[in-house]
Amino acid sequence: MMTAADHPAALDPKEIIARRISREIRAGMLVNLGIGLPTLVANHLPAGANVYFQSENGVIGLGARPPDGMQEASLTDAGGAFASAVPGAASMDSAMSFGLIRGGHLDMTVLGGLEVDERGYLANWMVPGKMVPGMGGAMDLVAGAKRVIVAMFHTAKGAPKIVPECTLPLTGARRVDLVVTEMAVIEPTAEGLVLRERAPGVTVDAIRAATSARLVVAAEVPEMDLAAAAR
Amino acid sequence: MKTAIKQEAAAALIPEGATILVGGFMGVGSPHRIIEAILARGTRGLTVISNDLCTPERGVGKLVVSGQVTRAVVSHIGRNPVAQQRMLAGELEVELVPQGTLVERIRAGGVGLGGVLTATGIGTLVEEGKQSIEIDGRRFLVERPIKGDFALIACHHADYAGNLAYVLTAHNFNPVMALAAEVVIAEPEHIVPIGMISPDAVKTPGVLVDYLLERAA
């Protein structure tokens, strides 16, 4: 039998994050997954999960990668990669697509992050003078989605990414709903950043050491449940 | 009946210094043949308004690499490192606009609205220098409308009357941009006789379209 301490070695850090976030998704939701790490969340939903993925380039019902030789130039995801669509899919222009996002019709978005701070504010779109990719749809997603979940590594080159106050330009002045890293699940609240769960085998002390923001920690912090979600 | 023009003729309509709205999302639903013709003609000093600057090898990204673009109003340049370098070096002026705000600003320009009120960007760098107003207790940024001299759009079908239909994720900014420029040039994949596109399937009415690009050989 696998012990808790075996899990971190058995699971890739990205897999921990993606699996844990997949458990937040409920049947019937409309969900937008950001490029990169957040995209992995889709791999952990059970077949028949009855979830529609929205892609801001104009589709509800984004599907898996198409089979080889079946790629369609006019059906791509928000990263420009070839995609497919599921039964019940709908295509639309960017005004409708962002109307859905901004208008509160999107149940959840999962976004990557560079920093999250004690207010629960997210910075994820630029590093001044170095990397300026642009915000794309991220600011609209943060402003408009019903639930914003941040998927990111806990640290970058050893430096904490969960900080007292973001030093990088903010993506929005909205408290995000949940932050999931390979070490912890943290919920930003009016009282601060509440440590809800730890990754299997990771101690509260290790999480504190990797976090420069103040954490609100209960006496008991349970381990993440990473079993496949099935609802 | 619209006139179908060659891609060289389309490029020749566009003068130096023009502001062009270019449809597409990472090159999907972009008017690639018109872009190639602008590249070949070498028209300079262009302001490009588009979702993104694609990659250095594709779509509007090529016009950045060739130095024909002096200003870009876009939501994303992350896949075009040449654009990032030129922006950081001060050789390319870039206004980064949240994607949903960008499409609504263009829509506002196209449908005769004085601007857009949006909560997107509140409390961020996007808010700098902008007016904000409170409505029903919520604060909104006032974002200005955008119009262009030319809209260069791509579609799947056009009929001889210039009615346009789009498919899948190749809609993106195209239907909105068709409203927001003095001259609209559409690059269809297929041109079909009038009547073959159902009126209900038309997303850009032909009255908005000035020129159709000849079909690809």
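The structure displayed is predicted, hence computed values, not measured ones. (Residues numbered from 1 in each chain as written. Chains lettered and ligands numbered in written order. Predicted model: local features only at pLDDT ≥ 70, side-chain atom pairs only at ≥ 80, totals over all residues.)

Of regular secondary structure, chain B possesses 6 helices and 12 strands. The C-alpha atoms of chain B give a radius of gyration of 17 Å, which matches the 17 Å a tight globule of 217 residues would have. Viewed in the frame of its principal axes, chain B has a C-alpha envelope of about 50 × 40 × 30 Å. Taking the intrachain contacts of chain B between residues at least 6 apart in sequence as the baseline, contacts between residues at least 24 apart amount to 71%. (Helix = DSSP H or I, 4+ residues; strand = E, 2+ residues; numbered from the N terminus. Rg over C-alpha atoms; globule rule 2.2 N^0.38 Å. Contact = placed C-beta atoms within 7 Å.)

Now for the interface of chain B and chain A. Contact residues are listed per partner, giving 38 residues for chain B and 32 residues for chain A. Looking at the side of chain B that touches chain A, the elements that each hand over two or more residues are helix H4 (81–88), helix H5 (99–111) and helix H6 (174–177) of chain B. A total of 5 residues in the side of chain B that touches chain A trace back to one element, the largest contributor, which is H5 of chain B. Looking at the side of chain B that touches chain A, its residues break down into 20 nonpolar, 16 polar and 2 charged. (Nonpolar A, V, L, I, M, F, W, Y, C, P; charged D, E, K, R; others polar.)

The next subject is H4 of chain B. All names here are of chain B. Among the residues making up H4, those that are buried are Ala83, Gln84, Arg86 and Met87. Across the axial projection of H4, the buried residues extend over an arc of 170°, all falling on one side. Each element contacted by the buried residues of H4 is listed here: helix H3 (60–65) and strand S5 (93–96). (Buried ≥ 20, exposed ≤ 12 C-beta atoms within 10 Å, placed from the backbone. Arc of directions from axis to C-beta.)

Peptide bonds are, in most cases, trans, and in most cases residues other than glycine have a negative phi. Residues other than glycine seldom take positive phi values, yet Asn50 of chain A does so here, at roughly 55°. Inspection of the secondary structure puts Asn50 of chain A in the loop between strand S1 (30–33) and strand S2 (52–55).

A few words on the pairing of strand S7 (residues 132–135) of chain B. In regular strands, side chains alternate between the two faces of the sheet. All names here are of chain B. Where S7 lies against strand S8 (residues 138–143), 4 bridges are found, and the strand directions are antiparallel. In the strand pairing of S8, Ile133 is matched with Phe140. Between S7 and S8, which pair antiparallel one after the other, the connecting turn spans 2 residues, and Asp136 there sits at a positive phi close to 50°. (Pairing = 2+ DSSP bridges.)

The subject of this paragraph is the sheet that holds strand S11 (residues 162–163) of chain A. Residue and element names in this part refer to chain A. Across the sheet, which stays open at both edges, the 3 strands sit in the order S7-S6-S11 with mixed pairing between neighbours. Looking at which strands have only one partner, the edges of the open sheet turn out to be strand S7 (122–123) and S11. Sheet topology places strand S6 (residues 115–117) next to S7; 2 bridges connect them, and they run antiparallel. Residue pairing for S7: Val116 is matched across the bridge by Leu122.

Okay, the pairing of S1 of chain A next. Residue and element names in this part refer to chain A. Bridging between S1 and S2 involves 3 bridges; their strand directions are parallel. Within S2, the residue paired with Asn32 across the bridge is Gln54. Pairing analysis gives 3 bridges linking S1 to strand S5 (residues 108–112), with the strands arranged parallel. By the bridge assignment, Val31 is partnered in S5 with Met108.

Close inspection of predicted coordinates is inappropriate in any region flagged by low pLDDT. For chain A, per-residue confidence averages 92 on the pLDDT scale, and 94% of positions sit at 70 or higher. Segment residues 1–8 of chain A is flagged for pLDDT under 50; beyond a separation of four residues in sequence, or across chains, it makes 11 contacts in the model. (pLDDT = per-residue confidence, 0-100.)

Two elements in contact, helix H3 (residues 94–102) of chain A and H5 of chain B, have axes whose closest approach is 9 Å; the angle formed by their N-to-C orientations is 130°. Taken together, the axes of H3 of chain A and H5 of chain B lie oblique to each other. You can see that H3 of chain A and H5 of chain B cross each other, and the crossing is left-handed. On H5 of chain B, the residues touching Ser94, Ala95, Phe98, Ile101 and Arg102 of chain A of H3 of chain A are Gln99, Gly100, Val103, Glu104 and Arg107 of chain B. Taken together, the residues that form the contact of H3 of chain A with H5 of chain B break down as 4 nonpolar, 3 polar and 3 charged. (Axes fitted to C-alpha atoms, helices over the stretch in contact; angles between N-to-C directions. Parallel < 35°, antiparallel > 145°, perpendicular 65-115°, else oblique. Left-handed = near helix turned anticlockwise from the far one by under 90°.)

Attention now goes to the nonpolar core. All names here are of chain B. In terms of nonpolar packing, the biggest core is built from 127 residues, with Leu21, Ala151, Met177 and Ala186 touching the most fellow members. Here this core takes 7 residues from strand S9 (residues 148–159), the largest share from any one element. Excluding residues that lie within four positions of it along the chain, Leu21 makes contacts with Ile49, Ile106, Gly148, Phe150, Ala151, Leu152, Met177, Ala180 and Ala181. (Core = buried A, V, L, I, M, F, W, Y, C linked by C-beta atoms within 7 Å.)

To continue, consider the environment of Gly27 of chain B. Along the polypeptide, Gly27 of chain B turns up in the loop between strand S2 (19–22) and helix H2 (32–41). Using a count of 22 C-beta atoms within 10 Å as the deciding quantity, one classes Gly27 of chain B as buried. Put simply, Gly27 of chain B and Asn80 of chain B are 53 residues apart on the chain and 12 Å apart in space, counted from C-alpha to C-alpha. Not counting residues up to four positions away in its chain, the partners in contact with Gly27 of chain B are Gly80 of chain A together with Cys54, Arg58 and Gly59 of chain B.

Averaged over all residues, the pLDDT of chain B is 97; the fraction at 70 or higher stands at 100%. Scored as a whole, the predicted complex attains pTM 0.95, and scored at its interfaces, ipTM 0.96.

This paragraph deals with the environment of Val22 of chain B. Structurally, Val22 of chain B is set in strand S2. Given 31 C-beta atoms within 10 Å, Val22 of chain B falls into the buried group.

A word on the sheet that holds S1 of chain A. By definition, the strands of a sheet pair up through backbone hydrogen bonds, in either a parallel or an antiparallel sense. All names here are of chain A. Pairing within the open sheet is mixed, and its 10 strands lie in the order S4-S3-S2-S1-S5-S8-S12-S13-S14-S15. Only two strands of the sheet have a single neighbouring strand rather than two, namely strand S4 (85–91) and strand S15 (215–217). Within the sheet, the average angular offset between the axes of one strand and its neighbour, ignoring direction, is 30°. In this structure, strand S13 (residues 184–189) lies alongside strand S14 (residues 192–198), joined through 6 bridges in antiparallel fashion. Bridge pairing in S14 places Thr189 opposite Gly192.

A separate point is H3 of chain A. Turning to H3 of chain A, its buried residues are Ser94, Ser97, Phe98, Ile101 and Arg102 of chain A. Looking down the long axis of H3 of chain A, one finds its buried residues gathered within 125° of arc, a one-sided arrangement. The secondary structure elements touched by the buried residues of H3 of chain A are S1 and helix H4 (138–144) of chain A together with H5, strand S6 (116–118) and H6 of chain B. Just beyond H3 of chain A, the residue with positive phi is Gly104 of chain A, at close to 80°.

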